[in-house]
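Working through the structure, step by step
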Amino acid sequence: MSLRVVAAHKVFRAHGGARVVALDGVDLEAADGELLVIVGPSGSGKSTLLRAISGLETLDSGQVIIGGRDVTGVPAGRRDVAMVFQEAALFPHLSVAANIGIGERARGARRREVEARVVEVARSLDVEHLLRRMPGELSGGERQRVALARVMIRVPSVCLLDEPLASVDAELRLRMRGEIRAVQRSLGIPMVHVTHDQLEAMAMGDRVAVMDGGRVLQCDTPAALYARPATTAVARIVGPLPMNLLPAVDGVVVGVRPERVRLCGDPGGGRPGRVVAVEPAGEECLVRIQTDSELLARLPLSDVPQVGEQVSVVWRPEDEHHFDALSGQRR
Ligand code: ADP
Ligand code: MG
């Protein structure tokens, strides 16, 4: 059941009557078995988009199409869309096992069958040992995994995850990314995963849609987003570090990734600058260099200069990205 969102618009009226444009003409597509990740800063419209797909929010205009069927006017309960929210909402008076199985029970499945499925899905999300506990006895990360289990106990047409890993600690998050991927592949349905963490987006997504201000700035594979960001905004959002953008010359902004900046032994051989800060990062260092503008460089430990040192900065011509200074669009 592929998923398509066409020209979605949504405006909220805030208190005092101010208009908030949450979705400003969003087009998206996710195929069967595809994990589409939506990444963007807080307030960019990610949750509104997921809520509109699930039917919890109505669009002002535009369409939601699931498996070729226009469900724009169909109520949430009849869309067969499963969603995990930013804040996992569990029934506080039901055990973890009952929380995971409640949807299946409500659909009339046999108790024995549901119990078996609950154990199976709890095992795959590593919450089997928690089945008898109550939601109040769980950590934030455990609650999220239980909420995931509740969704993944059956195969919906589409699965939506709204920052499900936000409250999970770093080590577990890494493992859960892999588990979500594995479950998603086995379900073979479109899954839309929202995050504000671009590293998570690039690690998980078959494709990644970068959102800002209610618009999709670019939607492509992680490799393509990194290699050819369509705008300066995407260049700043995507990548292990924001791309350096140099002051415009003749209407062109040159961008270069910090991981492609190098120091040159010959003082006259590159752009002169002074080291203003050095920050160790494992095998590498992040070095802030004041040239005619400030540049960030990610350098191997063996190359790290001292703060205050005069250096010369270079990069290969093929590592330059060119953008239009006015529109920010890639040239
Ligand atoms: P994200 O999930 O990317 O952080 P949201 O989709 O939650 O962003 O919100 C997008 C914009 O719409 C924000 O400016 C937010 O304040 C606004 N917004 C969301 N829901 C409502 C609402 N129910 N009423 C008014 N404004 C809202
Ligand atoms: Mg949100």
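These lines cover the structure that appears in this document, whether it is placed above or below. (Residues numbered from 1 in each chain as written. Chains lettered and ligands numbered in written order. Predicted model: local features only at pLDDT ≥ 70, side-chain atom pairs only at ≥ 80, totals over all residues. Heavy atoms only, no water.)

**A closer look at the overall build of the chain**
When helices and strands are counted, the chain shows 8 helices and 18 strands. Principal-axis analysis of the C-alpha atoms places the extent of the chain at approximately 80 × 45 × 40 Å. The buried share among the 331 residues of the chain stands at 45%. Accessible area of the chain: about 16000 Å², with a carbon and sulfur share of 51%. Computing the positive centroid from 41 side-chain charges and the negative centroid from 42, the chain places the two 7 Å apart. (Helix = DSSP H or I, 4+ residues; strand = E, 2+ residues; numbered from the N terminus. Buried < 20%, exposed > 50% of the residue type's maximum accessible area, 1.4 Å probe, protein only. Areas by Shrake-Rupley, 256 points an atom, 1.4 Å probe, with all protein chains shown as cover. Lys, Arg positive; Asp, Glu negative; His and termini not counted. Charge placed at Lys NZ, Arg CZ, Asp CG, Glu CD.)

**Digging into the site of ligand 1**
Residues in close proximity to ligand 1 include Phe12, Val20, Ala22, Pro41, Ser42, Gly43, Ser44, Gly45, Lys46, Ser47 and Thr48, which together make up its full environment. Note that an oxygen atom of ligand 1 is positioned 2.7 Å from one of the backbone N or O atoms of Gly43. For ligand 1, an oxygen atom lies 2.5 Å from a polar atom in the side chain of Thr48. Burial of ligand 1 by the protein amounts to 62% of the accessible area it has alone, namely 560 Å². Among the elements that make up the shell around ligand 1, the one with the highest residue count is helix α1 (residues 46-54) (3 residues). (Near = heavy atom within 4 Å. Polar contact = N/O pair within 3.5 Å; in protein donor to acceptor, adjacent residues only side chain to side chain.)

**Details of the nonpolar core**
In this structure, Ile100, Leu148 and Met152 are the most contacted members of the largest nonpolar core, which totals 45 residues. Top element by residues in this core is helix α4 (residues 140-152). It accounts for 6 residues. When near neighbours in sequence (up to four residues on either side) are disregarded, Met152 contacts Arg117, Val121, Leu125, Val183 and Met191. In terms of nonpolar packing, the next biggest core, distinct from the first, is built from 26 residues, Ala30, Leu36, Ala52 and Val74 among them. (Core = buried A, V, L, I, M, F, W, Y, C linked by side-chain atoms within 4.5 Å. Contact = heavy atoms within 4.5 Å.)

**Describing the side chain of Glu142**
Checked against the element boundaries, Glu142 lands in helix α4. The buried charged residue Glu142 lacks any salt bridge, with Arg133 as its nearest oppositely charged partner at 4.2 Å. Aside from chain neighbours lying at most four places away, what touches Glu142 is Val127, Leu130, Arg133 and Glu137. (Salt bridge = Lys/Arg side-chain N within 4 Å of Asp/Glu carboxyl O.)

**Quick notes on the packing of helix α2 (residues 96-106) against α4**
At a minimum axis distance of 7 Å, the contact between α2 and α4 shows a crossing angle of 30°. Between α2 and α4, the interaxial angle falls into the category roughly parallel. Pair α2 / α4 crosses with right-handed handedness. Residues Val96, Asn99, Ile100 and Ile102 of α2 form the contact with α4, whose participating residues are Val146, Ala149 and Arg150. Looking at the contact of α2 with α4, its residues break down into 5 nonpolar, 1 polar and 1 charged. (Axes fitted to C-alpha atoms, helices over the stretch in contact; angles between N-to-C directions. Parallel < 35°, antiparallel > 145°, perpendicular 65-115°, else oblique. Left-handed = near helix turned anticlockwise from the far one by under 90°. Nonpolar A, V, L, I, M, F, W, Y, C, P; charged D, E, K, R; others polar.)

**A few points about α1**
Counting buried residues along α1, 7 of its 9 residues qualify, which places the element largely inside the surrounding structure. Among all positions in α1, only Lys46, Thr48, Leu49, Leu50, Ala52, Ile53 and Ser54 are buried. A positive backbone phi angle near 95° is found at Gly55, which sits one or two residues after α1.

**Brief notes about unusual backbone geometry**
Located in the positive-phi region is Glu163, a residue other than glycine, with phi close to 45°. Here Glu163 shows up in the loop between β7 (158-162) and α5 (170-187). Even without being a glycine, Asp250 presents a positive backbone phi close to 50°.

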